[in-house]
Amino acid sequence: MSTVRSTDRNIERSAVRSAEGAAGDHGGFGVGIGWRPELDLTVERLPGIGFVEVIAETLRPPAVPESLRILRDRGVRVVPHGVGLGIGGADPPDPRRLEHLARCAEAVDAPLVSEHLAFVRGGGLEAGHLLPVPRTRESLDILTANVRLAQAALPVPLALENVSAIFAWPGEELGEAEFLAELVARTGVHLLVDVANLHNNRVNLGLDPLAALDALPLGSLAYVHVAGGYEVQGVWHDTHTRPPTPEILTLLAELCRRHAPAGVLLEWDADYPSDSALAAELDRIRSRSRTAPWSPSVHERPSAPGPLSDGSPRQAPAGDGPETDASRRGPEPTGEGPVSGGSRWPARAAEVPEGGAPPRLEPGEEGSAGDGSRRPATGGERPEGDVPRWRPEPGRAGPEGGSARDRLAAAQAAVVAHLVAAGPLPEGFDPDRMRVQARSLVAKRRDDVARSWPSLAASLGDDYSRLFFGYASGRPKPPGGSRADATAFAAWLAGHHRPTPPAIPTPTPSAPSPSVPVPSVPARAVPAPSGPPRSGRASSSLVPSPGVSAEPPPASRPRPPGAIGRVLRLLSPARLFAAGRRDHHP
């Protein structure tokens, strides 16, 4: 693990780096897109790309995929985007994950790194999703300490993203924008505002996105996310597999009218359209936005946190005690707060993706049992006692005792256990929304397994989804990612006298061996892609699913060097087929 660096030094280094060379207008990032291995050549040839994001858990620094190196040589900024840190969790950030983020930033010469204001695990279980944190004063104290620890360990500034939520925590004390504003006032952390998530939370939680834009400290804004999803039975699913809706683009314009961000980035994670369709979406974003220079030095956080409420000096950010009254109040009022008198957002119209009904998400989904219990998945054939049950983590205090971290840990563990391990419904939560969240996580696992082992899903045909829900509902995802989940599913099928599926494919030389432990981290629920997959540049500097490997990657197949190797890869039959399919995508 690297030594801890001071935040002052980090911000100074990033400011120098951003001044030396910038993409976009006047030193800003401009308009960008999320870089994915399947889109490497597409991103390289898209016009006007000022910056890209890469999922940090898929990188293996100091090695960097060739496509990212090409983009960097053109002056395109590369921002590592983490999904597995869980900075909103009860425990301090994992030093190993922080070290990985730091190495990623240094490997791509990043101006900053970004993560999510979320928790992703609890009670020893991985949620497989970015879950919202409870917006309470006690939770804010803990989050403040976690953010300060992360800032001290990173060589560049940190930006945190607001997340999309299907359910809300009971007893919340702060609104979403107020919670973020206080966090910024305490830590100086930057904001990554996802306007699609503001829209999603309007649909799912009834929050006013315009009031949020008015209340957020946009002076600390780093850049903006835009993405699409779909609505099913009144619940918006943030899948990043559809174009942004007109309402989302309107929110983008409203944000840019209030404050010009350094950049605006389109997220698209699966079901990729043609290159021309992606270019058209980026043009739509350009037409609704404006960008400005990136100036991290003006948002420097205070170097000396205030004393504790009893007057004693603060020794280290522990997160287990209250902040001072001044820190709780946050910045002085500026007169630019939300307009009173209720929501100024128009009534929501039904939104259906182009091309018909939204993709199938939850087979057999009709209502709930009404008493907080979860109905069994349709067609589930699991004998009684076949499901591993969650038990409280040893050594953790219950919600009535222990420290603030212990209380938050118990609450988050109960939520994760209910969502992934059929644990009891925590008190105060909406049973229908929790059931929808739980089933959407199973749907995500189903689609990941289908991508990891296509022949297994194909061999089961129309029964695949029903059988997978029978296997996975209430059963936590095993360690080892989607391949381990697929293997466990195959064993479950054999135990239920189902036809033996084909053997799982052997990993390619560029992918990590199944024996290499890759911790599970969250990803969004997305429909399984149709048709042949896009072909991407093979790279030993990527892992197939988000995670930070504790072991070095296996040796990769030698590749021809330089321009000759690049031409050979571009002219490969698989590459030509994939490029032709993208260019003629309906």
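Just so you know, the residues in each chain are numbered from 1, in the order the chain's sequence is written. Reporting of local features is limited, given that this is a predicted model, to residues whose pLDDT is at least 70; pairs of side-chain atoms are given and counted only at 80 or more, and all residues count toward the totals for whole chains, interfaces and linings. Side-chain numbers here rest on the full set of heavy atoms in the structure, without hydrogens or water.

Right, let's talk about helix H7 (residues 195-205) for a bit. Structural remark: α-helix, 3.6 residues per turn; residues separated by three or four positions point the same way. Burial classes follow relative accessibility: with a 1.4 Å probe on protein chains only, a residue under 20% of its type's maximum area counts as buried, one over 50% as exposed, and anything between as partly exposed. What counts as a helix is a DSSP run of H or I of at least four residues, what counts as a strand is a run of E of at least two, and both are numbered from the N terminus. Across the 11 residues of H7, 10 count as buried, placing the element largely inside the fold. Of the residues making up H7, those classed as buried are Val-195, Ala-196, Asn-197, Leu-198, His-199, Asn-200, Asn-201, Arg-202, Val-203 and Asn-204. At the N-terminal boundary of H7, the capping side chain belongs to Asp-194, with an oxygen 2.9 Å from the backbone nitrogen of Ala-196. Of the residues trailing H7, Gly-206 is marked for its positive phi of about 75°. Any pair of N or O atoms that falls within 3.5 Å is considered a polar contact. Within protein, one atom must be able to donate a hydrogen and the other to accept it, and sequence-neighbouring residues count only if both atoms are side-chain atoms.

What follows is about the confidence of the model for the protein chain. Summarising the model, the protein chain shows a mean pLDDT of 74, and 62% of its residues fall at 70 or more. Every residue in residues 1-26 is under pLDDT 50, and counting partners more than four places away or in other chains gives 54 contacts. Values of pLDDT, which run from 0 to 100, indicate the predictor's confidence residue by residue. A contact between two residues is defined here by any heavy atoms of the two lying within 4.5 Å. For the stretch residues 572-586, pLDDT sits under 50, and the model shows 30 contacts to residues farther than four places along the chain or on other chains.

Moving on: the pairing of strand E12 (residues 263-266). Here E12 shows no split at all, with Gly-263 and Leu-265 on one side and Val-264 and Leu-266 on the other all buried. A pair of strands counts as paired when DSSP detects no fewer than two bridges linking them. Bridging between strand E9 (residues 221-226) and E12 involves three bridges; their strand directions are parallel. Opposite His-225, over in E12, you have Leu-265 as the bridge partner.

Let us look at the packing of aromatic side chains. Classification of ring pairs rests on two measures: the distance between centres of Phe, Tyr or Trp rings, Trp counted by its six-membered ring, which must be within 6.5 Å, and the angle between planes, read as stacked under 30 degrees, edge-to-face over 60 and tilted in between. Per the counting criterion, the structure on display carries 13 aromatic pairs. Consider the rings of Phe-29 and Tyr-223, whose centres lie 6.4 Å apart with planes at 65°: the pair is edge-to-face. Note that Phe-29 is positioned in the loop between helix H1 (7-20) and strand E1 (30-35) and Tyr-223 in strand E9, a separation of 194 residues in sequence. The pair Phe-29 / Tyr-223 is uniform in exposure class, with both members buried. Their ring planes at 45° and their centres at 6.0 Å tell us that Tyr-464 and Phe-468 sit as a pair that is tilted. Here the residue Tyr-464 and the residue Phe-468 both occupy positions in helix H15 (residues 464-472), the gap between them amounting to four residues, near one helical turn. We classify Tyr-464 as buried; its relative accessible area is 8%. The exposure class of Phe-468 is buried, given its relative accessible area of 0%. An aromatic cluster is present here, built from Tyr-464, Phe-468, Tyr-471, Phe-489 and Trp-492 joined pairwise through their rings.

Attention now moves to the pattern of salt bridges. Salt-bridge detection follows one rule: a side-chain nitrogen of Lys or Arg within 4 Å of a carboxyl oxygen of Asp or Glu. Within the structure shown, the criterion is met by 21 salt bridges. One salt bridge in this structure joins Glu-182 and Arg-137, with 2.6 Å as the shortest N-O distance. Of this pair, Glu-182 sits in helix H6 (residues 176-187) while Arg-137 sits in helix H5 (residues 137-153); the two residues are 45 residues apart in sequence, bridging distant segments of the chain. A relative accessible area of 4% means that Glu-182 is categorised as buried. Relative accessible area serves as the criterion here: at 21%, Arg-137 is assigned to the partly exposed category. Note that Arg-286 and Asp-283 form a salt bridge whose closest N and O atoms lie 2.9 Å from each other. Here the residue Arg-286 and the residue Asp-283 both occupy positions in helix H10 (residues 275-287), the gap between them amounting to three residues, near one helical turn. Beyond isolated ion pairs, a larger network of salt bridges with shared partners links Arg-137, Asp-141, Glu-182 and Arg-186.

Looking now at the side chain of Thr-187. Mapped onto the fold, Thr-187 is located in helix H6. On the basis of relative accessibility, which here comes to 0%, the residue Thr-187 falls in the buried class. Here the side chain of Thr-187 touches Val-189 through a polar contact of 3.1 Å, landing on its backbone nitrogen.

Turning to the environment of Pro-426, a few remarks are in order. Here Pro-426 lies in the loop between helix H12 (404-421) and helix H13 (431-452). It is 9.8 Å that separates the C-alpha atoms of Pro-426 and Pro-170, two residues lying 256 residues apart in sequence. Every residue in contact with Pro-426, bar those within four places of it in the chain, is listed here: Ala-414, Val-415, His-418 and Met-434.

This next bit is on the packing of H7 against helix H9 (residues 246-258). Axis definition: a line fit to C-alpha positions, over the contact stretch in the case of helices; interaxial angles, taken between N-to-C directions, run 0 to 180 degrees. Relative to each other, H7 and H9 sit at 120°, their axes nearing to 9 Å. By the angle class used here, H7 and H9 are oblique. Helix-helix and strand crossings are classified by hand; for H7 and H9 the assignment is right-handed. Of the residues in H9, those in contact with Val-195, Ala-196, Leu-198, His-199 and Arg-202 of H7 are Glu-247, Ile-248, Leu-251, Leu-252 and Leu-255. Split by residue class, the contact of H7 with H9 holds seven nonpolar, one polar and two charged. Should an angle lie under 35 degrees it is considered roughly parallel, over 145 roughly antiparallel, and from 65 to 115 roughly perpendicular; all remaining angles are considered oblique. The sense of a crossing depends on the near helix, which, turned anticlockwise from the far helix by less than a right angle, makes the crossing left-handed and, turned clockwise, makes it right-handed. When residues are sorted by character, Ala, Val, Leu, Ile, Met, Phe, Trp, Tyr, Cys and Pro go into the nonpolar class, Asp, Glu, Lys and Arg into the charged class, and all the rest, Gly among them, into the polar class.

A few words now on the packing of H13 against helix H16 (residues 481-495). When two helices pack together, you describe them by how their axes are tilted relative to each other and by the distance separating the axes. Contact geometry of H13 with H16 gives a least axis separation of 9 Å together with a crossing angle of 90°. In terms of orientation, H13 lies roughly perpendicular with respect to H16. Together, Arg-445, Asp-448, Val-449 and Ser-452 of H13 and Ser-482, Arg-483, Asp-485 and Ala-486 of H16 make up the contact between the two elements. Of the residues contributing to the contact of H13 with H16, the split by class is two nonpolar, two polar and four charged.

One broad rule of soluble globular proteins: the nonpolar side chains tend to lie buried together. For the purposes of this section, nonpolar cores are sets of buried Ala, Val, Leu, Ile, Met, Phe, Trp, Tyr and Cys residues that join through side-chain atoms within 4.5 Å. Judged by nonpolar contacts, the single largest core of 88 residues is most densely connected at Val-52, Leu-68, Val-195, Leu-252 and Leu-419. For Leu-252, the residues in contact, after removing those within four places along its chain, are Val-195, Val-224, Val-226, Val-264, Ile-285, Arg-288 and Ser-289. Formed by 19 residues, the second largest nonpolar core is a distinct cluster that contains Ala-450, Ala-472, Ala-490 and Trp-492.

Among the secondary structure elements, Glu-247 is positioned in helix H9. A distance of 2.8 Å separates polar atoms of two side chains, one belonging to Glu-247 and the other to Arg-202.

Where burial is concerned, most of strand E6 (residues 125-131) is hidden: six out of the seven residues are buried. Sheet analysis places strand E5 (residues 119-122) next to E6, joined by three bridges and oriented antiparallel. Bridge pairing in E6 links Phe-119 to Leu-131. Between the end of E5 and the start of E6, which pair antiparallel, lie two residues, with Gly-123 showing a positive phi angle near 60°.

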